[in-house]
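Listed below, chain by chain, are the residues.
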Amino acid sequence: MQKILLFQLILCQLLYASTKTASDKFIYSTNDESRILYVYDAKNQISTRLYEAPSGFRIDSYGQSPAGKQIALLETNGEHMRKGDLGYAIKNLVIINQNGKVLKRIKNVLEYSWSPAGNSIAFIRGLDYGGMELKPEGIWLLSLSNLNTEDKLSDVKASDIQWARHNNKIYVKWKEVYELDPREKTSTKTDFQGIFFSEDGKYYFRPNYEGTGFKLFDTGSNKEIALKSIDNKKVNFYRWIKDSHLIVGDITFEKRVLSAKRGDSLSSFSGKVIGFNPKTSEIYVHKDKKAFRGLAKSSIERMKLELN
Amino acid sequence: MHLRNNLNVMFNSQNLRRFAVIELITIVVLVCSGCEQPNITADAAIWISLPESRPRSGDNYSITVNWRFRSGASVVPGHYPLRLEIIGPDGISQAIVNGLYIDIDLDDQQHSLQWIWDGRVSTPDRGRRPAPPGDYTLYVSAAEYHFSATAKVYPNDYDQDGDNISDAIENENSGVQITFGTNTYDYVVDNLSRPPVISWYLSSGDWYANRGTHEYSLAKDTRGNGCLYNGLRIADQSTGYRYYPNTDPTDTDNWATLLLINELEQVARVWGATHSDYPMTTLDFSKQNGESFPPHDGHQNGLDADIMYIGSGTYQYGSFIVVNVGSYDATASLELMQLFNNLASVDRIWTSDQALADYYSTDKIQYLSGHTNHFHVDFLDADGSQSCP
């Protein structure tokens with residue numbers, strides 16, 4: 001459920017810059033309007049409505065393609081449909097363009113992840129019956145060049161998925177972690193305990209699923225890295241930003257810029273992360289802690305991160 | 001003893017001291033349950049008034065200490081400590097209340113002081129639990145005047161045998177095997193018209209004496225990598241809650257430590273008192289022996305409970321409520337979370353209602369993604385971590 005790139009309700013996703021202006025645009029949703037996505041133009045300080053989910057739906061998560069031209073989102077209805085004695089949620093994967101136009105809507109998707117090149121998307125098809133009772137049916141691929149064809153990759157059951165940038169493999173988690181090769185269509189069980197790898201693949205983390213605590217690992221040794229000065233149970237925000245650096249902390253308040261190599265923080269700040277520019281290592285932070293009901297101009301700060 | 005010491009100072013005479021002691025050790029003993037001022041003609045009296053209602057196990061029990069001293073009473077006016085002791089049906093002291101004081105004036109007026117007993121007794125390992133039904137002795141003393149009364153604790157309507165396991169849970173777990181010591185026992189319901197017991201043939205044995213401590217039900221290792229020993233099942237329904245198995249086979253996903261079940265039922269009773277038409281819906285707990293329960297990352301040792309959010313409309317069994325959509329009622333959902341926070345030994349409560357977490361969170365109510373259609377309650381491991389076999 002937790003995805004590093006996707007944080008429901010408040011987080012804005014970086015528009016990975018394919019153009020100069022795109023790096024200053026961020027997608028966000030507010031706390032109290034979980035069915036509307038906005039684009040914030042940091043340069044001109046203008047918010048524009050991008051997409052609105054159908055009535056009765058909420059947007060659970062959203063993420064920009066690495067190429068920056070499309071946005072994927074998961075929208076869920078509130079009242080579950082009945083199926084005999086059971087009810088399941090309608091959960092759609094929606095792909096829109098930069099203008100908010102719907103390019104593709106796929107029903108019954110549990111999670112998804114963009115390919116590193118941004119030209120494909122991998123997703124878990126299945127039903128969500130609520131209360132963490134998921135019935136995954138396997139992993140599918142969708143190429144943006146052919147939106148009419150959904151290609152089944154694997155029957156592996158999964159609740160979470162991530163397409164790694166360092167080796168172009170897809171990692172999925174259920175009880176164990178499996179590595180899927182999208183070219184060979186093979187699946188291999190691994191000993192990894194998480195699926196979210198750093199850009200260089202040297203490290204990975206396991207999110208704080210169900211309060212069991214955030215854990216960082218060295219990929220080579222597959223051993224957990226002891227985190228200094230961090231209460232891993234309080235970590236409910238986690239996001240790789242560049243190389244082997246990540247931001248962890250409380251989703252609302254205190255954050256730390258962490259070096260996975262050192263297992264220690266380089267710096268800290270408070271506020272809500274709304275975007276990061278990897279070219280300049282600048283981060284955009286909303287400083288109004290308690291009221292994320294919009295992006296008040298005065299509340300946004302841009303900070304340069306020292307990533308050594 | 002305080003008064004005697006004072007008298008020793010004031011009356012430095014053997015005769016006077018003997019006189020004083022004789023007068024002051026006058027003990028008035030009355031069995032007084034629900035009565036008002038007893039028919040006492042003495043110059044000095046201290047007595048207890050008990051409520052006319054029928055206090056039940058776990059209910060607050062209002063105890064009123066009264067005193068009256070006439071001008072002829074042989075006591076020095078002043079500020080005296082009051083000692084109150086509660087002795088259980090088994091003769092074991094359950095509470096000694098210190099820190100209370102009374103002012104004695106020789107004014108022939110009745111004075112009173114009220115103290116609320118929470119209707120609970122202490123257990124060695126699990127904190128305070130509802131006092132088992134029976135006759136409790138209240139013993140009060142001040143200025144060397146003493147009084148004792150019998151306070152009757154009645155069974156409550158959800159736990160008629162007063163063993164701190166609700167009748168619903170005992171019925172639900174009839175036939176469940178429990179290992180205690182070197183033996184394995186079944187929960188036994190010998191007659192459903194009577195309160196079920198854990199095991200009728202052990203009711204007078206060692207295990208019975210052990211009831212209330214429940215240390216046979218244990219969470220081992222961690223919620224993310226652990227197991228459950230002698231877990232019990234939450235009932236299908238009882239006051240304030242209903243269990244919804246969803247896609248899991250019935251009775252495979254509703255196992256937990258007895259402590260969790262007791263505390264959850266307590267929350268449900270309080271919730272149900274004001275929301276009788278909208279019970280909370282319980283979802284996944286743990287498997288019978290704990291261990292892996294995918295796709296859950298926790299729920300492995302009987303300390304986790306998933307609870308459905310509350311909607312503003314009519315209660316519909318099994319219909320999920322989703323944060324910020326449709327009939328989701330943030331205020332009522334927060335109320336329920338706060339009940340868990342206040343009444344149960346909770347480590348954390350996880351919700352994906354970001355606005356709620358922003359505005360009303362405490363250290364225990366926090367945001368976590370993946371919880372849009374239920375919130376998750378982590379209970380503390382009361383007995384500390386033990387290792388799975």
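Residues numbered from 1 in each chain as written. Chains lettered and ligands numbered in written order. Predicted model: local features only at pLDDT ≥ 70, side-chain atom pairs only at ≥ 80, totals over all residues.

### Here we look at the overall build of chain A
- From N to C terminus, chain A includes 0 helices and 29 strands.
- The burial tally for chain A puts 50% of its 308 residues in the buried class. (Helix = DSSP H or I, 4+ residues; strand = E, 2+ residues; numbered from the N terminus. Buried ≥ 20, exposed ≤ 12 C-beta atoms within 10 Å, placed from the backbone.)

### Re the overall build of chain B
- Of the regular secondary structure elements, chain B holds 7 helices and 22 strands.
- Out of the 389 residues belonging to chain B, those deemed buried represent 45%.
- Long-range pairs, those at least 24 residues apart, make up 61% of the contacts in chain B between residues at least 6 apart in sequence. (Contact = placed C-beta atoms within 7 Å.)

### Comments concerning the interface of chain B and chain A
- Facing the 40 residues of chain B at the interface are 39 residues of chain A.
- Broken down by secondary-structure element, the contributors of at least two residues to the side of chain B that touches chain A are strand S20 (346-351), helix H7 (354-360), strand S21 (365-367) and strand S22 (375-379) of chain B.
- For the side of chain B that touches chain A, the element with the most residues is H7(B), which contributes 5 residues.
- Of the residues belonging to the side of chain B that touches chain A, the class tally is 13 nonpolar, 19 polar and 8 charged. (Nonpolar A, V, L, I, M, F, W, Y, C, P; charged D, E, K, R; others polar.)

### Things to note about the domain arrangement of chain B
Residue and element names in this part refer to chain B.
- Taken domain by domain, chain B holds domain 1 (2-153), domain 2 (157-207) and domain 3 (217-379).
- Elements that contribute at least two residues to the side of domain 2 that touches domain 3 include exactly helix H3 (167-172) and strand S10 (177-180).
- It is H3 that contributes the most residues to the side of domain 2 that touches domain 3, 3 residues altogether. (Domains from an automatic or database assignment.)

### Topic: the pairing of strand S1 (residues 44-49) of chain B
Residues and elements named next belong to chain B.
- Of all 6 residues that make up S1, 6 are buried, and the element is covered over most of its length.
- The side-chain alternation of S1 yields two buried faces, one formed by Ala44, Ile46 and Ile48 and the other by Ala45, Trp47 and Ser49.
- Pairing analysis gives 6 bridges linking S1 to strand S2 (residues 61-69), with the strands arranged antiparallel. Paired with isoleucine 48 across the strands is valine 65, a residue of S2. (Pairing = 2+ DSSP bridges.)

### Some points on the environment of B:Ser122
Residues and elements named next belong to chain B.
- Note on placement: serine 122 falls in strand S6 (residues 120-123).
- With 12 C-beta atoms counted inside 10 Å, the residue serine 122 sits in the exposed group.
- Sequence separation of serine 122 and leucine 218 is 96 residues, and the distance between their C-alpha atoms is 19 Å.
- Apart from the residues within four sequence positions on either side, serine 122 is in contact with Gln94 and Arg128.

### Concerning the sheet that holds strand S22 (residues 223-225) of chain A
Residues and elements named next belong to chain A.
- The strand order across the open sheet formed by 4 strands is S19-S20-S21-S22, and the pairing between neighbours is antiparallel. Edge positions in the sheet fall to strand S19 (196-197) and S22, since each of these pairs with one other strand and no more.
- As defined by bridge partners, strand S21 (residues 215-218) adjoins S22 across 3 bridges and the pair is classed as antiparallel. Directly across from phenylalanine 217, in S22, lies its bridge partner glutamate 224.

### Quick word on helix H5 (residues 258-274) of chain B
- Taking 1.5 Å of rise per residue, 17 residues should cover 24 Å, and H5(B) covers 25 Å from first to last C-alpha, within 8% of that figure.
- Judged by how many residues are buried, H5(B) sits mostly within the fold: 13 of 17 residues are covered. (Expected span 1.5 Å × (residues − 1).)

### Considering the nonpolar core
- Core analysis: the largest hydrophobic core is formed by 130 residues, its most contacted members being A:Ala72, A:Ala122, A:Phe123, A:Ile139 and A:Val172.
- With 8 residues, H5(B) is the single largest residue contributor to this core.
- Both domains that furnish three or more residues to this core are identified here as domain 2 (157-207) and domain 3 (217-379) of chain B. (Core = buried A, V, L, I, M, F, W, Y, C linked by C-beta atoms within 7 Å.)

### Things to note about the environment of B:Ile48
- With respect to the helices and strands, B:Ile48 occurs in strand S1.
- C-alpha of B:Ile48 to C-alpha of B:His146: the two residues are 98 residues apart in sequence and 10 Å apart in space.

### Comments concerning helix H6 (residues 330-343) of chain B
Residues and elements named next belong to chain B.
- Under the 1.5 Å per step criterion, the end-to-end length of H6 is 20 Å for 14 residues, consistent within 8% with the ideal 20 Å.
- Residues of H6 that are buried: Ser333, Leu334, Leu336, Met337 and Phe340. Projected onto a plane normal to the axis of H6, the buried residues spread over an arc of 160° and lie on a single side. Exposed residues lying more than 90 degrees from the buried face of H6 are Thr331 and Asn342. (Arc of directions from axis to C-beta.)

### Digging into the sheet that holds strand S6 (residues 70-77) of chain A
Residue and element names in this part refer to chain A.
- Read from one edge to the other, the open sheet built from 4 strands follows the order S5-S6-S9-S10, with strand pairing classed as antiparallel. The open sheet has two free edges, formed respectively by strand S5 (57-64) and strand S10 (102-107), since each of these has just one partner strand. This sheet shows a mean twist of 20° between the axes of neighbouring strands, independent of strand direction.
- In the sheet, strand S9 (residues 91-97) pairs with S10 via 5 bridges, with the strands oriented antiparallel. Note that in S10 the partner of isoleucine 96 across the bridge is valine 102. (Axes fitted to C-alpha atoms, helices over the stretch in contact; angles between N-to-C directions.)

### Points about unusual backbone geometry
- In this model, B:Pro294 is joined to B:Pro295 through a cis peptide bond whose omega is 5°.
- Within the element layout of this structure, B:Pro295 appears in the loop between strand S18 (280-282) and strand S19 (304-307).
- Positive phi outside glycine occurs at A:Asn108, with the angle close to 60°.
- With respect to the element layout, A:Asn108 can be found in the loop between S10 and strand S11 (109-114).
- You will see that B:Asp251, though not glycine, has its phi angle at about 70°, which is positive.
- Residue position: B:Asp251 is located in the loop between strand S16 (241-243) and strand S17 (255-256).
- B:Asp251 gets classed as partly exposed once you count the C-beta atoms within 10 Å, which come to 15.

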